[in-house]
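# Observations on the three-dimensional arrangement
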Amino acid sequence: TQRYFIAVAFRKDDANFGAFYQKLVEVARGSFPNLFNAQGQCSHPRFSWKLMDGDGVAAHGKSNATKEGFAGHWVVKFSSSFAPRCFHAGHYQPHEQIQDKNAIQRGYFVRVAGTIEGNDNAQKPGLYVNLSMVELAGVGPVITSGPDAASVFGGAAPALPQGAQPLPMHAGAAPAMP
């Protein structure tokens, strides 16, 4: 199954995040009332909220704060089996839908439309935080992760097997026209 996924970081001091969090709690309590005490706190230690504390510690023991863009934020994980429709802020007509799959980069500022539902799984209770539309609201520094190609391949020339010819041009260059 094809899955589409984005993680959106909300500053912890964002006044709008409280209303979103209350919606998460409301859906969770409605879907799993037996897992909440009289004070409204979830008693299941592994409830899947689709929410990460950017200053917390991940399940594997590493600090989330070391990940670029996480420190000082709540990170919400949205997903869907359908591609989200994406638009630039203020341009919402069907013909204005973003077609370039690289137009929205990690680190850019977005708004998300979607739904929140209980997962109906008593063994692994949690929420689905579904993604349907994304609005590109602003650009920011692009967040990159993993090693870059120069650090992986740049140290030595490739060893070519017998009969192989070196490339006549560097990658990305247009071939010569006859």
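Scroll up to find the structure this text is about.
As the structure is a prediction and not an experimental result, all values here were calculated from the model.

Overall, the coordinates contain five salt bridges when judged by the stated rule. With a closest N to O distance of 3.0 Å, arginine 11 and aspartate 13 form a salt bridge. For the pair formed by arginine 11 and aspartate 13, the shared burial category is exposed. Of the charged contacts, one joins lysine 23 and glutamate 26 as a salt bridge, the two residues approaching to 3.4 Å between their closest N and O atoms. One end of the pair is lysine 23 and the other is glutamate 26, both in helix 1 (residues 17-31) and three residues apart, which spans about a single turn.

Another point: helix 1. Look at helix 1: 21 Å from first C-alpha to last across 15 residues, which is about the 21 Å you get at 1.5 Å a residue. Burial in helix 1 covers these residues: Phe17, Phe20, Leu24, Val25, Val27 and Ala28. Looking down the long axis of helix 1, one finds its buried residues gathered within 165 degrees of arc, a one-sided arrangement. Along helix 1, exposed side chains directed more than 90 degrees from the buried face belong to Ala19, Glu26 and Gly30. Residues of helix 1 that are buried sit in contact with strand 1 (4-11), strand 2 (51-53), strand 3 (73-80), strand 5 (109-118) and strand 6 (127-138).

Take the nonpolar core next. Generally speaking, a soluble globular protein has its nonpolar side chains buried in company with each other. With 24 residues, the main nonpolar core has Phe20, Leu24, Phe47, Trp49, Val76, Phe78 and Leu127 as its most contacted residues. Within the residue set of this core, elements represented by two or more residues are strand 1, helix 1, strand 3 and strand 6. At six residues, the largest contribution of residues to this core is made by helix 1. Tryptophan 49 has contacts with Leu24, Val25, Ala28, Phe36, Cys42, Leu127 and Val129, leaving out every residue within four places of it along the chain.

What follows covers the environment of glutamate 96. Mapped onto the elements, glutamate 96 comes out in the loop between strand 4 (85-88) and strand 5. Remark: the alpha-carbon pair of glutamate 96 and cysteine 86, spanning ten residues in sequence, is separated by 9.0 Å. Ignoring anything within four residues of it in the chain, the contact list for glutamate 96 reads Phe87 and His91. Within the structure, glutamate 96 has its side chain in polar contact with the side chain of histidine 91 (distance 3.1 Å).

Let us look at the side chain of glutamate 135. On the secondary structure map, glutamate 135 appears in strand 6. If near-sequence neighbours (up to four positions away) are discounted, glutamate 135 is found in contact with Phe87, His88, Ala89, Gly90, Tyr92, Phe109, Val110 and Arg111.

It is worth spelling out the packing of aromatic side chains at this point. Scanning all chains against the criterion turns up twelve aromatic pairs. Here the aromatic rings of phenylalanine 10 and phenylalanine 20 are separated by 5.8 Å at their centres, their planes lie at 15 degrees, and the arrangement is stacked. Of the two residues, phenylalanine 10 sits in strand 1 while phenylalanine 20 sits in helix 1, which places them ten residues apart along the sequence. Joined through ring pairs, the aromatic side chains of Phe10, Phe17, Phe20, Tyr21, Phe32, Phe36, Phe47, Trp49, Trp74 and Phe78 make up one cluster. Over the face of the ring belonging to tryptophan 74 we find lysine 12, whose NZ or CZ atom lies 4.7 Å from the ring centre.

Here lysine 101 lies in the loop between strand 4 and strand 5. Assessed through its relative accessible area of 75%, lysine 101 is described here as exposed. Residues lysine 101 and cysteine 86, 15 residues apart in the sequence, show an inter-C-alpha distance of 9.3 Å.

Checked against the element boundaries, serine 79 lands in strand 3. Polar side-chain contacts of serine 79 include one of 2.9 Å to the side chain of arginine 3. Leaving out residues up to four positions away in the same chain, serine 79 has contacts with Arg3, Tyr4, Phe5, Val129, Asn130 and Leu131.

How each quantity is defined
Residues numbered from 1 in each chain as written. Predicted model: local features only at pLDDT ≥ 70, side-chain atom pairs only at ≥ 80, totals over all residues. Heavy atoms only, no water. Salt bridge = Lys/Arg side-chain N within 4 Å of Asp/Glu carboxyl O. Buried < 20%, exposed > 50% of the residue type's maximum accessible area, 1.4 Å probe, protein only. Helix = DSSP H or I, 4+ residues; strand = E, 2+ residues; numbered from the N terminus. Expected span 1.5 Å × (residues − 1). Arc of directions from axis to C-beta. Contact = heavy atoms within 4.5 Å. Core = buried A, V, L, I, M, F, W, Y, C linked by side-chain atoms within 4.5 Å. Polar contact = N/O pair within 3.5 Å; in protein donor to acceptor, adjacent residues only side chain to side chain. Phe/Tyr/Trp six-rings, centres within 6.5 Å; stacked < 30°, edge-to-face > 60°. Lys NZ or Arg CZ within 6 Å of the ring centre and 35° of its normal.

Treat this as a map of the structure, not an account of what it does.
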